[in-house]
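Structural features, examined
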Amino acid sequence: MADTLPYGSWPSPITPESVAQASPRVDGARLVGDEVWWGESVPHEAGRVAVKRRRVDGAVETVLPAPANARSAVHEYGGGAWTASDDGELYYVEKTDQRVYALRQGDAARPLTPADEAVRHGGLRWEHGVLLAVRETHGSSRVPQRAIVRIPLDGSSDVLAEGSDFLAQPALSPSGRHLAWVAWNHPDMPWDATSIEVKNLATGEVRQVAGGPRRAPLQPVWIADDELLYADDPDGRWNLFRRPLEGDAQALAPADADTGGGLWVLGTRWFGAASDGRVVAVRTDGADEIVEIAPSGVRPVDVPVVAGAAIDDVRGARVLVSGSDAGGRSGLWLVDLDTGAVDLVTGGAGSWGDEWMPTARALETEGPHGTVHAFAYAPTHPDVVAPAGERPPYVVLVHGGPTSHVGPAPSAKTAFFTSRGIGVLDVNYGGSTGYGRDYRDRLKGQWGVVDVDDVAAAASALADAGLADAERIAIAGGSAGGWTVLAAVTRTDVFSAGISRYGVGDARALAEDTHDFEARYLDGLIGPLPEAEAVYIERSPLGRPEHFRVPLLILQGSEDRVVPPSQAEAIRDALAAHHVPHAYVLYEGEGHGFRRSETVIDSLERELGFLGAVFGFETPGIPALQLD
């Protein structure tokens, strides 16, 4: 017989320590001969990214040992920090100096680029025997200079493309004659308007082959020496197109789903092409699906990925797919298109059983601006139930970006809460990817309005349906999600508490302080400065500090260059000045997003202790957090 205990007080085996170690994040993968190589975050080693390989005999070895750390700082979000040659030489960007190094097993790493603290590298690609990279050079101006470079293995480098504010995803044609890449300029972001450029490396001629207003083509891939495959969204959904250099683009199996998304990091890839003409792609319509597109038609690939999916590499019939399954297990899978075999390479497991993992329930509700999409995770426990008539407390999660997306895959952190009797609602508010351009454009000029209205509508729908205690709904988010947290608790009466991780409180200060990649992001989200200054003031939570009324937990990294600590400290001071219960924690050595295991552990304990203090429950092993 199940025990009966109040929501929030259920005992759970999902500890903060186990969450910190659960399913390390896969950071790119590549087929190297018959081996599988992948990048993997190591939380207990200060969150560094190691590169590992699985040999033919199944043994797993570390290719990039500590203290090396494959992390790029291009665009601050990095990506594409490592690749490998076909014969097993590793190339990686070292976090500490942003130089590119080469490493062959048994040898010492050797630098391929000069020491220069003003230069960063990322987006590494090994293409037909050539090492390509995006190079970012910082000078006296706030605006860095970017170029696509070829890095010969003798230590020199050649500029292949430049002239745009941003360049990404370089691809070299099989003969080495043509280079393709994605380009865009301020004030656009890469999901607003981009172009695909092609350069004839022999003649220097550059031409645009895709792009235009309200078009955001992504990821050029050569399927022949004179033909490209890429994603584009002329009809509002990212679909695949093939384009001969001397011909017109043709859609490849279009669908009412997205093969593409927010290009936040340089290594992201949504599809790959096999040598026999087959294409493997991610399709997203709320959840992710992996499909094979062949001349005979389209068929689903039986790999258990529903969120965060990426097609990391395709060689012959072998495909590497990373992402998370419906049970919340993140991992990397090797798929054989011919046999249908699916092999889990890494990840895919926690230290607890499936009975502890909640199931995603897709939730759609109508808000002031249209349909709102979310995923609800009810409290889940194999041995405990709540007293009859009690409704559970909920935490509404707000993803960052804001142009990002969450799928129907509970994270270990989600299970940390649901296993203790606290429900979780993950909201894809207007502005999110995964539902087409019209949905993500809903946030244009309306940041701080649409996102707030959508999360409030989703939370209210849950309470109105009797699934949540309307008096015990908290809201939590990081970065842009933190902005929505702060705006929601000052603009609505839906939430009884808020948790902001490195959140934005003052949009004007963010526009002045943030890095170049997002320097003009707010032009589209709020409006250009100085013309829209009054709107910035009115929208910013710190522009109306007297409206702070519910308890808040503020978590911040000391080395955050995207949303600097000054924002969190201003929020803390405003809460203190208006006598609002709060707690503020600054984590030394952390940047924009928490990677160290000790930080993850401490922040989880504080978040749960904060909810217990505000909502009045006691969780075994987690004391209530003391608020100022």
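Every value quoted in this text rests on a predicted model; they were computed, and no experiment measured them.

A word on the pairing of strand β10 (residues 119-127)
- When you tally the buried positions in β10, you get nine out of nine residues, the bulk of the element.
- Where β10 meets strand β11 (residues 130-137), seven bridges bridge the pair, whose relative direction is antiparallel. Its bridge partner lying in β11, Gly 122 is registered against Val 134.
- Hairpin remark: β10 followed by β11, antiparallel, with two residues in the connecting loop; positive phi at His 128, about 50°.

A closer look at the environment of Ala 457
- Considering the arrangement of structural elements, one finds Ala 457 in helix α4 (residues 450-464).
- Each C-alpha atom of the pair Ala 457 and Thr 83 lies 44 Å from the other, and the pair is 374 residues apart in sequence.
- Setting aside residues up to four positions removed in sequence, Ala 457 forms contacts with Thr 365, Glu 366 and Gly 367.

Focus: the pattern of salt bridges
- Taken as a whole and assessed by the stated rule, the structure comprises 48 salt bridges.
- Residue Glu 45 pairs with Arg 48 through a salt bridge whose shortest N-O separation is 2.5 Å.
- With relative accessibility at 31%, the residue Glu 45 sits in the partly exposed group.
- Residue classification places Arg 48 among the buried positions, given a relative accessible area of 6%.
- Across the pair Arg 55 and Glu 61 runs a salt bridge, and its minimum N-O distance is 2.7 Å.
- On the accessibility criterion, Arg 55 (29% relative accessible area) is partly exposed.
- Linked through salt bridges whose partners overlap, the residues forming this network are Arg 214, Asp 233, Arg 437, Asp 438, Arg 440 and Asp 441.

Structural notes on the packing of α4 against helix α5 (residues 480-491)
- At a closest axis distance of 9 Å, the pairing of α4 and α5 adopts a crossing angle of 70°. Looking at the two axes, α4 sits roughly perpendicular to α5. Residue-level contacts link Asp 451, Val 452 and Val 455 of α4 to Trp 483, Thr 484, Ala 487, Ala 488 and Arg 491 of α5.
- Partitioned by chemical class, the residues of the contact of α4 with α5 number five nonpolar, one polar and two charged.

Looking at the sheet that holds strand β38 (residues 582-587)
- Spatially, eight strands are ordered β30-β31-β34-β33-β35-β36-β37-β38 in an open sheet, and the strand pairing comes out mixed. The two strands at the open ends of the sheet, each matched to only one other strand, are β30 (361-367) and β38. For this sheet, the mean inter-axis angle between neighbouring strands, taken without regard to orientation, is 20°.
- Of the pairings in the sheet, the one linking strand β31 (residues 370-377) to strand β34 (residues 423-428) comprises five bridges and is antiparallel in character. Bridge pairing in β34 places Tyr 377 opposite Val 424.

Side note on the packing of aromatic side chains
- Within this structure, the stated rule accounts for 17 aromatic pairs.
- Arranged with centres 5.9 Å apart and planes meeting at 65°, the rings of Trp 264 and Tyr 521 form a pair that is edge-to-face. Of this pair, Trp 264 sits in the loop between β21 (250-252) and β22 (271-273) while Tyr 521 sits in helix α7 (residues 521-525), and the two are 257 residues apart along the sequence.
- Judged by its relative accessible area of 6%, Tyr 521 is buried.
- Judged by centre distance (5.1 Å) and plane angle (55°), the rings of Tyr 435 and Tyr 439 are tilted.

The rules behind these values
Residue indices begin from 1 for each chain and proceed along its sequence in written order. In view of the model being predicted, local features appear only for residues whose pLDDT reaches at least 70, and side-chain atom pairs are presented and counted only at 80 or more, with totals across whole chains, interfaces and linings using the full set of residues. Excluding hydrogens and water, the side-chain values take into account all heavy atoms of the structure. For every residue, the accessible area (1.4 Å probe, protein chains only) is compared with the maximum for its type, and the residue is labelled buried under 20%, exposed over 50%, or partly exposed between those bounds. We count a stretch as a helix when DSSP gives it H or I for four or more residues in a row; a strand needs E for two or more, and each element gets its number in order from the N terminus. Here, a strand pair is defined by DSSP locating no fewer than two bridges between the strands. In what follows, a contact means two residues having at least one pair of non-hydrogen atoms within 4.5 Å. We count a salt bridge whenever a side-chain nitrogen from Lys or Arg sits within 4 Å of a carboxyl oxygen from Asp or Glu. To get an axis, fit a line to the C-alpha atoms, keeping to the stretch in contact for a helix; angles then go from 0 to 180 degrees between the N-to-C directions. Comment on the angle field: the value is read as roughly parallel under 35 degrees, roughly antiparallel over 145, roughly perpendicular from 65 to 115, and oblique elsewhere. Here the nonpolar group is Ala, Val, Leu, Ile, Met, Phe, Trp, Tyr, Cys and Pro; Asp, Glu, Lys and Arg are the charged ones; every other residue, Gly included, is treated as polar. Only rings of Phe, Tyr and Trp enter the pairing, Trp through its six-membered ring, and a pair is recorded when the two centres are within 6.5 Å. The plane angle decides the type: under 30 degrees is stacked, over 60 is edge-to-face, the rest tilted.

Limitation: the analysis is restricted to geometry and does not speak to function.
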